[in-house]
Protein chains: 2
Amino acid sequence: MSTISIPVRTPALTYNVEIGSGLLPFVGGRVDALLDGALSAGKAKVFVVTSPEIARLWAAALLAGFPTPPTVLSIPAGEQYKRFATLETLLEQLAEGGADRDTVLIALGGGVIGDMTGFLAAIYMRGIRYIGVPTTLLAQVDSSLGGKTGANLAAGKNLVGAFHHPLAVYSDIDVLATLPAAELRAGLQESVKAGIIRDRALFEYLDTHSDKVLASDPAALTHVVAASVQVKADVVAADEKESGLRMLLNLGHTLGHAIEAATHYKQLLHGEAVAWGMLAAIAIAKRRNLITVDEHDRMERVIVAYGPLKRFEADPAHLVALTAKDKKNRGGNRSFVLPTSIGTSAVFKDVTLDELTYTAERMMAMVARDGVA
Amino acid sequence: MSTISIPVRTPALTYNVEIGSGLLPFVGGRVDALLDGALSAGKAKVFVVTSPEIARLWAAALLAGFPTPPTVLSIPAGEQYKRFATLETLLEQLAEGGADRDTVLIALGGGVIGDMTGFLAAIYMRGIRYIGVPTTLLAQVDSSLGGKTGANLAAGKNLVGAFHHPLAVYSDIDVLATLPAAELRAGLQESVKAGIIRDRALFEYLDTHSDKVLASDPAALTHVVAASVQVKADVVAADEKESGLRMLLNLGHTLGHAIEAATHYKQLLHGEAVAWGMLAAIAIAKRRNLITVDEHDRMERVIVAYGPLKRFEADPAHLVALTAKDKKNRGGNRSFVLPTSIGTSAVFKDVTLDELTYTAERMMAMVARDGVA
Ligand SMILES: NC(=O)c1ccc[n+]([C@@H]2O[C@H](COP(=O)([O-])OP(=O)(O)OC[C@H]3O[C@@H](n4cnc5c(N)ncnc54)[C@H](O)[C@@H]3O)[C@@H](O)[C@H]2O)c1
Ligand SMILES: NC(=O)c1ccc[n+]([C@@H]2O[C@H](COP(=O)([O-])OP(=O)(O)OC[C@H]3O[C@@H](n4cnc5c(N)ncnc54)[C@H](O)[C@@H]3O)[C@@H](O)[C@H]2O)c1
Ligand SMILES: [Zn+2]
Ligand SMILES: [Zn+2]
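Residues numbered from 1 in each chain as written. Chains lettered and ligands numbered in written order. Predicted model: local features only at pLDDT ≥ 70, side-chain atom pairs only at ≥ 80, totals over all residues. Heavy atoms only, no water.

- As recorded in an unreviewed UniProt entry, chain A goes by the name 3-dehydroquinate synthase, listed as coming from Bryocella elongata.
- What UniProt states about chain A under its Pathway (unreviewed entry) heading is, verbatim, "Metabolic intermediate biosynthesis; chorismate biosynthesis; chorismate from D-erythrose 4-phosphate and phosphoenolpyruvate: step 2/7." (UniProt positions renumbered as here; feature names shortened; annotations may be inferred.)

### A look at the coordination of the zinc ion (ligand 3)
- Distances from the zinc ion (ligand 3) to its protein donors, E190(A) (OE), H253(A) (NE2) and H270(A) (NE2), fall within 2.0 to 2.1 Å.
- Residue class for H270(A) comes out partly exposed when judged on its relative accessible area of 23%. (Donors = N, O, S within 2.8 Å, 3.2 Å for Na, K, Ca; no water. Buried < 20%, exposed > 50% of the residue type's maximum accessible area, 1.4 Å probe, protein only.)

### Concerning the packing of helix α10 (residues 253–262) of chain B against helix α11 (residues 270–287) of chain B
Residue and element names in this part refer to chain B.
- One way to put it is that α10 packs onto α11 with a least axis distance of 7 Å and a crossing angle of 130°. What the angle tells us is that α10 and α11 run oblique. Taken as a pair, α10 and α11 cross one another with a handedness that is right-handed. Residue-level contacts link H253, L255, G256, H257, I259 and E260 of α10 to H270, A273, V274, W276, G277 and A280 of α11.
- A per-class count over the contact of α10 with α11 returns six nonpolar, five polar and one charged. (Axes fitted to C-alpha atoms, helices over the stretch in contact; angles between N-to-C directions. Helix = DSSP H or I, 4+ residues; strand = E, 2+ residues; numbered from the N terminus. Parallel < 35°, antiparallel > 145°, perpendicular 65-115°, else oblique. Left-handed = near helix turned anticlockwise from the far one by under 90°. Contact = heavy atoms within 4.5 Å. Nonpolar A, V, L, I, M, F, W, Y, C, P; charged D, E, K, R; others polar.)

### Here we look at the side chain of E88(B)
- Relative to the helices and strands, E88(B) is located in helix α3 (residues 84–96).
- In contact with E88(B), not counting residues within four places along its chain, are R83(A), F84(A) and A85(A).

### Remarks on the sheet that holds strand β6 (residues 129–134) of chain B
Residues and elements named next belong to chain B.
- An order of β1-β2-β9-β6-β5-β3-β4 is seen for the seven strands of this open sheet, with the pairing classed as mixed. Two strands close off the open sheet at either side, each with one partner strand: β1 (3–9) and β4 (71–74). Between one strand and the next, the sheet's axes are offset by a mean angle of 20°, whatever the strand orientation.
- The sheet contacts of helix α1 (residues 27–34) involve β1, β2 (14–20), β6 and β9 (168–172), and relative to β9 the element is tilted by about 165°.
- Along the sheet, helix α4 (residues 111–123) contacts β3 (46–50), β5 (104–109) and β6; its crossing angle with β5, the most-contacted strand, is approximately 170°. (Pairing = 2+ DSSP bridges.)

So this is what it looks like as structure tokens:
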């Protein structure tokens, strides 16, 4: 088995992300080695947090690799369970199961399971260790890295959480085989984003190898996941807490989040909303002459290739209004990430309401014309 | 108004604890200054977390000092509300009240309010700032310092939490006037502990000025609180996460916690259990000739002076069993903090079951003979 390891450096510690095909059965041994044999010596308990569906598909392959069988805790799949009340249930289960300061949690699942498990680890006994085993493309290239953990409140998404880094992340490409095609494509938009903001070679690979990538060819996916992880690792290393460089990861996300909010998180997957948001961002960049028409068209072609660009309903003016996080800011300019070439980008603090209105209207016209039902 | 300021140094930041009489109305201005005028400029919202009873007594004095009126969130008093479900309610109230990354929480209350508010601040939007305004002696000398925040699970006390330091702590001695006498005395046992483990002068002051201290004389209480805070600040600065030096704060707490557990946290206040635990610890120290009989008797006299030593029911063997945190460890030696003189102490890793049994039986005989109903 050949895998790629990428170190993620943070001010406090460095951890490794290992990516490859056939990795799942080796995770137990890897973790045991990382803990100097604490698992096989019976000195540290392991709890795997997952969902019934993912457990049915992939838990056996993961569990088989552990010297002693971990305890499996299961929560229903879906964003609606990413809630504080769910955490309480899991915390009580950890305590009843005898979890202590030496216990290690394993997040086996997508971003929902990963964010919740990381947060559990952050707050159980004021912080225990955890390992990421992401099973969606989005989780492999994005949510499992960077240390952001948390849950939703009724009042809004990800309003509660903590920064807490995993001990290691193991991304087995094979588990993506059972992922719904729409989830794979939506996640790949984050790789397209990584290419546009910081990695021209990744962008070109995605452009020229879209057939293999979309057919889940293991070597192609391993390459794409690894390159995407490298982009996020670089950005996170330079800038742990939110600001400066980390902002670049928001390409397509300002309008993407507005679309998600306007459609109440029901019509599009996150990556699908980000795809529309990226189309809107590159349109502003072209209008500003930051990028050439050719560059713009090539970016558009790749975003569309990893589509489908799904139809949704929203009023352009409402979308523009939703890009103002801060209500006091409604009238002013926005900070916006724009590409400056294929593979470079920057934060522009002077994007005007006029530009936003232009691109939102243009985008809604595209939705009407090209959006896939 | 004359106050004492004590810096608490941590690896990440330094914050000040200000102690004095008549401080409450000045807290608003102090916080505004600390935030470079963000409160008076309307740039940061303030939420005060407290209990109805404390709010009735002391909120007006605190709130009057703020340039704009803070929002007050209230939770019922008592350890039974120090729960995850209570946090969820408060988190939703914060979000509905428009709390954002610049918001500052103020904990106005005892250790329960302080621990919960610090934890709220640790997890709301992955961390916002908070200020301690402790209103019990225990909170002023102990729980408001050191960055430990959290809540209880059904499965056990303080099983969930985070390390999160306040921006500053303001301890107004005057608020202790409304504290039940038993709470004051129980809290003062932590000051006795501070004196024994690290500050002979504090111990001697407590010995010679017990009348004034127990009558809540402002100058005497200010001195005792400040000296106790200094001890904890020194220990915390040297050793942020639990280990080494910080262990010394556990004098009297190994058996104290066992007593609390054996009596289901219902018969004694925490400080009352610690008082018995300290009597047990100094008895072992005397038996080991770590301290002289005179030193022992003087410590005993001061602990008793800040009593009453309340009666409780427990089986000595059960108490000894409960001192083993780790069930596997039932048969072995225990780590135990023992005084080595008045004002110095150390962790002893070789305290035997025999010594524990000796001191637990001796203690239960004292309970039967001298315990106050
Ligand atoms: N922490 C961060 O930095 C960060 C970054 C981006 C997104 N997120 C969060 O991530 C979450 C979205 O993550 P997601 O897109 O992975 O969604 P998800 O976790 O809800 O997974 C999507 C669906 O796929 C299923 N699934 C997962 N793996 C599977 C597999 N291998 N085979 C079959 N089905 C599988 C899940 O059960 C679920 O139904 C959101 O809550 C978002 O807030 C966090
Ligand atoms: N974080 C830490 O490092 C740390 C250290 C020690 C204890 N603790 C925690 O602290 C808690 C105990 O704190 P506590 O002893 O302050 O108890 P508490 O907060 O429950 O307060 C005791 C009682 O006094 C009332 N009260 C508080 N201030 C008052 C005032 N000025 N006038 C009248 N009544 C007042 C409260 O409403 C309550 O009924 C426990 O939950 C414990 O786990 C934390
Ligand atoms: Zn995203
Ligand atoms: Zn204590």
